[in-house]
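Overview (structure and organization)
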Amino acid sequence: MIRTWHLRDTHQSLVLASRDDRLPKVIYWGAALPESEDLAQLAASAEMDVTGGMLDRNPDLSICPEASQTFPGEPGLIARDAQGRVLRPAFRFASETVRADQLALVYRDAALGVCYRADFALDAATGMITARAALDSETPITLHWLAAPVFPASQLCDEMLEFSGRWCGEFQVTATAWSPGQRVRDNHSGRTGHEHFPGLILPTRGASKTSGETRAFHYGWSGGHRMVAEELPDGRRQIQFGHASGSEPMPGTHFETAPLYAVYSAVGSNGCAVAFQRHLRDRIVQFPDQALPRPVHYNCWEAVYFDHDLSELFEIADRASKLGAERFVLDDGWFGRRDDDTTSLGDWQVDPRKYPDGLGPLVAHVNALSMGFGLWFEPEMVNRDSYLARAHPDWLLGPPDQIEGRQQRALDIARKDVRDYLFSAISALLSLHPIEYVKWDHNRVLPHADAAQTRGIYALLDQLHAAHPGVEFESCASGGGRIDFGILERTTRVWLSDSNDAIERLRIQHDAALFLPMVVTGSHVGPRRCHTSGRVIDMEMRAWVAAQRHMGFEMDPRELTEEEAKVLSDVTTWWKANRDWRARADILRLEVADPAVIAEIQLAEDGARFVVFVGQGETSAQILPRPLQLSGLDPQARYRLNLRNRAQAPGLSRGAPALKKGALELSGQALMGHGVSLPCSFAQTMWVIEGEKL
């Protein structure tokens, strides 16, 4: 007996099939099949031959491959019963719930008393497939590994694109060739991590940013993930995602994975990126008021660090407001006796030495400048030199002799009494002052991976949201150490990196756009000499790189020359004039012939306008710029292009390319098929091209 299920939209089909009531497998995931497709025949066509040295039937590469079938690869479930015996369920069909865009399948092993459930949903508007798995047991079991529903990988993929990184160097795309055996990432840091963003892109042979079949995944979990990409001896390939192995140390009767987000694209990795960007923006992030424009931020961290002086902060706020800032965020250093990073985390009371009248005067001054007020917290962490640690040493997570990070330890957020204390301390400040924004930091890895910690922080954020629905939260973790769709269900912005180096940011933002839209990606204009790289970068470049995403400032505005202040004000004015349509724009990464150039087009939701950012990070090997081909345009439409900052062309640009002289009108096909020629430029500069559909 064959059972089949089909989720379909105008662009893709996902087909599952089950034989003899065993767990189903994905037999097709790709371009939309005809509604008349014979799914039984499709299932039959997916059956493989058997030859020498093999079992008499190929074990199913199901949505949860089973060790009980002698599956030759990684099983989707690894668990033990109360006596420590390995469980090898043989699941059989129990029930189904089928809707046009959703599917729930329940399978049971009656002898072992365990039940497996898989849920799939296809969002036709965003093109996103969401899949998750759950396991229930009649008696407590210990879970080592539970994969979200398993997807096959095409055997026409020559490589997989993974994401690695470090502090100030997040979202590094790493190409790994497929080969027999396993490629495993197992992140035990207890948070999403700079090192292991939980994403994977699978381009088929010949695919690029702008063309070719590509599939991509993201595991929406903030506690560290495990990924297995495996090629079996028979050539089949599987992709598994789940929580980091061993992160459910306590026996239980119910376990579930986070959502696995899966995307199919026929137009290269840009198609995957658009689906992730739209789904995150429209389905996951919960803005207090979607209609309000995103405000320009000012964050005082790199201006004052821990040295808080009220009169200086007043002056900084005045200058930030004149430059165009609309929200002032007071960073670390306002609480306890926090003069450096060795003390006071956990003591969330205002430091009376620095703020003798509390935060009220600063908040009032900021509000009088028509800026909203934001405040920094790091609630999950504690210094041993704090009243909290001395009063509650049992609240600290991990062994006493652990290696500290940034002079701090983690609190056991899985404990309700810890969450209750943090809620009361944070809520008191949010109730006392008109605070509209919280920058929520997380500056060290956990001593061990524990899913209960992640569930605890989700619960605390949910509680704060319910009590203060108008407050926005930003996810920061030494920069981009906790960026994922799970934390973004509870936050509206991420701090992408602690690097405010515009050259480093240019690349980080470009690759993060595979998953993140402009509207949630914080990007700030840093100091003239970057504090994390030592590089001196011109204001024009710093401002335009910040303007690519959710713009803000983080330098000391008192350091700016008159010319720098004018440039920053002008770019900020441009950002404000264009932020509404860009908040819903698709970011498409462009193919470039010059490795020194990073370029993208941000295309309006209705296709009527766009902006192209062309960043020159280094000096080019060739003497002239190579033509830049655009993407995502209507081939038959005509467009007018204007080089907004043509006045920045250097004196060495002696020719007369059309965009240097004035507006240029071409068809979408010409712009995508041949491209445009730009004036010569130096390293560390940005061209900005504005376009409109005629």
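All of these numbers come straight from a predicted model, not from anything done at the bench.

So, on to helix H4 (residues 310-323). Its 14 residues give H4 an end-to-end C-alpha distance of 20 Å, which sits within 8% of 20 Å, the value for a rise of 1.5 Å per residue. Of all the residues in H4, the buried ones are Leu313, Ile316, Ala317, Ala320, Ser321 and Leu323. One face of H4 carries all of its buried residues, which in axial projection span an arc of 155°. For H4, exposure combined with an orientation more than 90 degrees from the buried face picks out Ser311 and Lys322. The elements touched by buried residues of H4 are strand E19 (297-299), helix H3 (301-304), strand E20 (327-330), helix H5 (360-368), strand E28 (550-553) and helix H11 (562-582).

Enumeration over the complete set of coordinates arrives at 59 salt bridges. Notably, a salt bridge pairs Glu35 with Arg8, separated by 3.8 Å at the nearest N-O pair. Highlighted residues: Glu35 in the loop between strand E3 (25-31) and helix H1 (39-45) and Arg8 in strand E1 (residues 2-8), separated in sequence by 27 residues. Taking the relative accessible area as the measure of exposure, Glu35 reaches 73% and is therefore exposed. When its relative accessible area of 34% is taken as the criterion, Arg8 is described as partly exposed. Residue Arg353 is joined to Asp351 by a salt bridge in which the shortest nitrogen-to-oxygen separation is 2.6 Å. Residue Asp351 is classed as buried on the basis of its relative accessible area of 0%. In this structure, a network of salt bridges that share partners links the residues Glu312, Glu315, Arg319, Asp556 and Arg558.

Moving on to the packing of aromatic side chains. Under the definition given, this model contains 33 aromatic pairs. Considering the side-chain rings of Tyr219 and Phe241, the 6.3 Å spacing of their centres and the 20° angle between planes classify their relative orientation as stacked. Placement of Tyr219 in strand E14 (residues 214-219) and of Phe241 in strand E16 (residues 237-243) is noted, with a sequence separation of 22 residues between them. Members of the aromatic cluster, connected to one another through ring pairs, are Phe163, Phe171, Phe197, Tyr261, Phe276, Phe485 and Phe515. The ring of Tyr387 is capped by Arg390, whose NZ or CZ atom sits 5.2 Å from the centre of that ring. Above the ring of Trp495, the side-chain terminus of Arg505 is found at 4.5 Å from the ring centroid.

Rules behind the numbers
Residues numbered from 1 in each chain as written. Predicted model: local features only at pLDDT ≥ 70, side-chain atom pairs only at ≥ 80, totals over all residues. Heavy atoms only, no water. Helix = DSSP H or I, 4+ residues; strand = E, 2+ residues; numbered from the N terminus. Expected span 1.5 Å × (residues − 1). Buried < 20%, exposed > 50% of the residue type's maximum accessible area, 1.4 Å probe, protein only. Arc of directions from axis to C-beta. Contact = heavy atoms within 4.5 Å. Salt bridge = Lys/Arg side-chain N within 4 Å of Asp/Glu carboxyl O. Phe/Tyr/Trp six-rings, centres within 6.5 Å; stacked < 30°, edge-to-face > 60°. Lys NZ or Arg CZ within 6 Å of the ring centre and 35° of its normal.

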